[in-house]
Amino acid sequence: MTQWVAFLRGINVGGNRKIPMEDLRRLCVGKTSGMGVRSYIASGNLLFAADGTAESLSAAIAEGIADEFGFDVPVLVLDETAMRGVLEGCPFPRDAGNKVHGYLCYGDPVLDQAGVDALKVASEEVAVVGQTVWLYAPEGIGRSKLAAKMERLLGVEATARNLNTIRKMVDMLEDTKG
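What this report covers is the structure whose coordinates are included nearby. (Residues numbered from 1 in each chain as written. Predicted model: local features only at pLDDT ≥ 70, side-chain atom pairs only at ≥ 80, totals over all residues. Heavy atoms only, no water.)

## Remarks on the side chain of Asn-45
For Asn-45, the position within the fold is in strand 3 (residues 45-50). Among the polar contacts listed, one links the side chain of Asn-45 to the side chain of Ser-43, at a separation of 3.1 Å. Side chain to side chain, Asn-45 and Arg-161 meet in a polar contact 2.6 Å long. When residues no more than four places from it in sequence are discounted, the contact partners of Asn-45 are Ala-6, Phe-7, Arg-38, Ser-39, Tyr-40, Arg-161, Thr-165 and Met-169. (Helix = DSSP H or I, 4+ residues; strand = E, 2+ residues; numbered from the N terminus. Polar contact = N/O pair within 3.5 Å; in protein donor to acceptor, adjacent residues only side chain to side chain. Contact = heavy atoms within 4.5 Å.)

## Some thoughts on the sheet that holds strand 6 (residues 125-129)
Pairing in this open sheet of four strands is antiparallel, and the strands run 6-7-5-8 from one edge to the other. Each having just a single partner strand, strand 6 and strand 8 (158-162) make up the two edges of the open sheet. The sheet shows a mean angle of 20° between the axes of neighbouring strands, direction not considered. Relative to strand 8, strand 5 (residues 100-105) runs antiparallel, the two being bridged by five bridges. (Pairing = 2+ DSSP bridges. Axes fitted to C-alpha atoms, helices over the stretch in contact; angles between N-to-C directions.)

If you want it as C-alpha cells, here you go:
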C-alpha cells in the first residue's frame with residue numbers, strides 16, 4: 001500500500017461546508033479502503049495508506065463527500081514522494097512557518113505575473129516550483145493584499161496551506177514509518 005496525503009479545498013472555513021474530521025476519516029476508510037487514516041486540524045488534511053492512483057482516490061473521496069454532505073469539494077491527493085517533494089521544493093526560509101504559503105495546484109499554474117506585481121509589496125516573494133506556487137509574506141499573510149487575491153492569479157484551481165501544515169503532513173508520513 002502507498003502512503004497518501006489528501007488536501008480538501010475550502011471545508012470548515014468561516015462555518016461553511018462543515019465536515020467533522022471523524023466523519024471525514026470514516027468516509028476515507030469507506031471510499032478508499034484506506035488504512036491508518038489520520039487527520040490534521042479541521043481544514044481537511046488527511047494521511048492514509050491505500051491502493052490506487054492519486055486520481056482514483058481523489059475522485060472517491062470527492063464523490064463520498066458529495067453523496068454524504070451534499071456539496072462538492074475539490075480533493076488533491078499526493079503520494080508520499082510528491083508530498084516530500086513539495087516541502088523540499090520550498091525556496092523560502094524553513095523557519096518562516098505561517099508567513100509562507102504553498103498553493104498546491106490541481107494542474108500546472110499559469111501565473112498572472114502582472115497581477116502579482118500589481119499587488120505585492122517589496123518584501124513579498126513568489127516562486128513557482130512544479131505545481132506549487134509559494135508565497136512568502138514576511139509581514140504576515142493576513143496583511144498581504146497579494147495573499148487575498150493569490151488564487152485568482154494562478155490560472156488553475158488550488159488549495160493553500162502554510163509551511164507549518166505542509167511540514168506537519170510530512171512529519172506524519174515519517175511517523176508511519178516508525
